[in-house]
Amino acid sequence: MNIQEIYDKESVGYDSRYKMNIHAIEDMVVEATIRSTYASGMQVLDVGCGTGHVLKMLGFPPFNYNGIDISDGMLKVAQEQHPGHWFFNESFEEFTGDAHDIVLAIYGQVNYMGLESFVEAVGKFCSHKFLAVLYSGADNPDCSYTTEHQNIYAPSEIYHAFQGSGFKVNIKGLSDNRVKPSSDTLRWLSDQATSTILSSARNNNVHYFKYIMVSGELNA
């Protein structure tokens, strides 16, 4: 099956996959990062929006948000859960809309579309900041059903791909696989999840982390 067919199949009951404490931690970190970037009135493009998970976290108003995805099944769930918002069956590479202040590509979208394609599309459709969360290639049962469709990138590859793009990028490891969370340590673990910054483009040691979180801002 191709990636569209996989997500069409997984769309029924998809959100129920991600109800564990570790998922709450990961979402907490992602939400805090987006909140630090977003200001009222900014236009948000949610690439690979799926069932509208970002809207559950942040509640962007309908007139400031557009979601795109290639899976009809995921979009159907998103529209049912967020009937006032706009969702479109489009890939980022073929997106036909205007540039947005913020582009989000959360949990694996860059792995599916390819880093070069993502950098090119961000250059066209992001006018201010972006946030992408990539699979690191570490053991991650949350995304095992799409492994054959994932392109895996080291931090140095990501850093160099954005050189000359006009964006300044910050790369971090997210979600340490060595830590087993419990309900009374959620806050502490959310701090730990972002404590290791991959500050050097030469540092490719991400095997402890489920994700690589890349934030970018257009150079002034």
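Residues numbered from 1 in each chain as written. Predicted model: local features only at pLDDT ≥ 70, side-chain atom pairs only at ≥ 80, totals over all residues. Heavy atoms only, no water.

Draft legend 1. How the structure looks around the side chain of S91. Mapped onto the fold, S91 is located in the loop between strand 3 (86-89) and strand 4 (100-105). Among residues more than four places away in sequence, those in contact with S91 are I68 and I70. (Helix = DSSP H or I, 4+ residues; strand = E, 2+ residues; numbered from the N terminus. Contact = heavy atoms within 4.5 Å.)

Draft legend 2. Expanded view of the packing of helix 6 (residues 115-125) against helix 7 (residues 155-162). In contact at an axis separation of 10 Å, helix 6 and helix 7 are set at 35° when each is read in the N-to-C sense. The handedness of the crossing between helix 6 and helix 7 comes out as right-handed. In this structure, helix 6 contributes L115, F118 and V119 to the contact, and helix 7 contributes E157, I158, A161 and F162. Looking at side-chain class alone, the contact of helix 6 with helix 7 contains six nonpolar, no polar and one charged residues. (Axes fitted to C-alpha atoms, helices over the stretch in contact; angles between N-to-C directions. Left-handed = near helix turned anticlockwise from the far one by under 90°. Nonpolar A, V, L, I, M, F, W, Y, C, P; charged D, E, K, R; others polar.)

Draft legend 3. Spotlight on helix 4 (residues 72-81). Those residues of helix 4 that sit buried are G73, M74, L75, V77 and A78. Against helix 1 (3-10), strand 2 (65-69) and strand 3 lie the buried residues of helix 4. (Buried < 20%, exposed > 50% of the residue type's maximum accessible area, 1.4 Å probe, protein only.)

Draft legend 4. Focus on the pattern of salt bridges. Under the defined criterion, the tally for this structure stands at seven salt bridges. Here R35 makes a salt bridge to E31, at a shortest N to O gap of 3.0 Å. With R35 and E31 both in helix 2 (residues 21-35) and four residues apart, the pair spans about one turn of that helix. Since its relative accessible area comes to 47%, R35 is described here as partly exposed. (Salt bridge = Lys/Arg side-chain N within 4 Å of Asp/Glu carboxyl O.)

Draft legend 5. Structural view of the nonpolar core. Y7, V30, F60, L104, I106 and V133 are the most contacted members of the largest nonpolar core, which totals 33 residues. Contributing elements (two or more residues each) for this core: helix 1, helix 2, helix 3 (53-58), helix 4, strand 4, strand 5 (126-135) and strand 7 (209-218). Excluding anything up to four places from it in sequence, V30 contacts M57, I106, Y107, L131, V133 and L174. Core analysis: the next-biggest nonpolar cluster, separate from the first, contains 27 residues, V47, F92, A105 and L115 among them. (Core = buried A, V, L, I, M, F, W, Y, C linked by side-chain atoms within 4.5 Å.)

Draft legend 6. Spotlight on the environment of Q79. Secondary-structure assignment places Q79 in helix 4. By relative accessible area, Q79 is classed as partly exposed at 31%. At a separation of 3.4 Å, a polar atom in the side chain of Q79 contacts the main-chain carbonyl oxygen of H82. (Polar contact = N/O pair within 3.5 Å; in protein donor to acceptor, adjacent residues only side chain to side chain.)

Draft legend 7. A look at the packing of aromatic side chains. Inspection of every chain in the model, using the stated rule, returns 18 aromatic pairs. Centroid distance Y7 to Y145: 6.0 Å. Interplanar angle 70°. Geometry classified as edge-to-face. Of this pair, Y7 sits in helix 1 while Y145 sits in the loop between strand 5 and helix 7, and the two are 138 residues apart along the sequence. The exposure class assigned to Y7 is buried, which follows from its relative accessible area of 9%. Judged by centre distance (5.3 Å) and plane angle (55°), the rings of Y14 and Y18 are tilted. Residue classification places Y14 among the buried residues on the basis of a relative accessible area of 15%. Through successive ring pairs, a cluster of aromatic residues spans Y7, Y14, Y18, Y107, Y112, Y135, Y145 and Y211. (Phe/Tyr/Trp six-rings, centres within 6.5 Å; stacked < 30°, edge-to-face > 60°.)

Draft legend 8. The arrangement of the confidence of the model for the protein chain in detail. Counting all residues, the mean pLDDT for the protein chain is 85, and 85% of those residues have values of 70 or more. Contacts of residues 182-204 to residues separated by more than four positions or lying in other chains number 41 contacts, the stretch itself having pLDDT below 50. (pLDDT = per-residue confidence, 0-100.)

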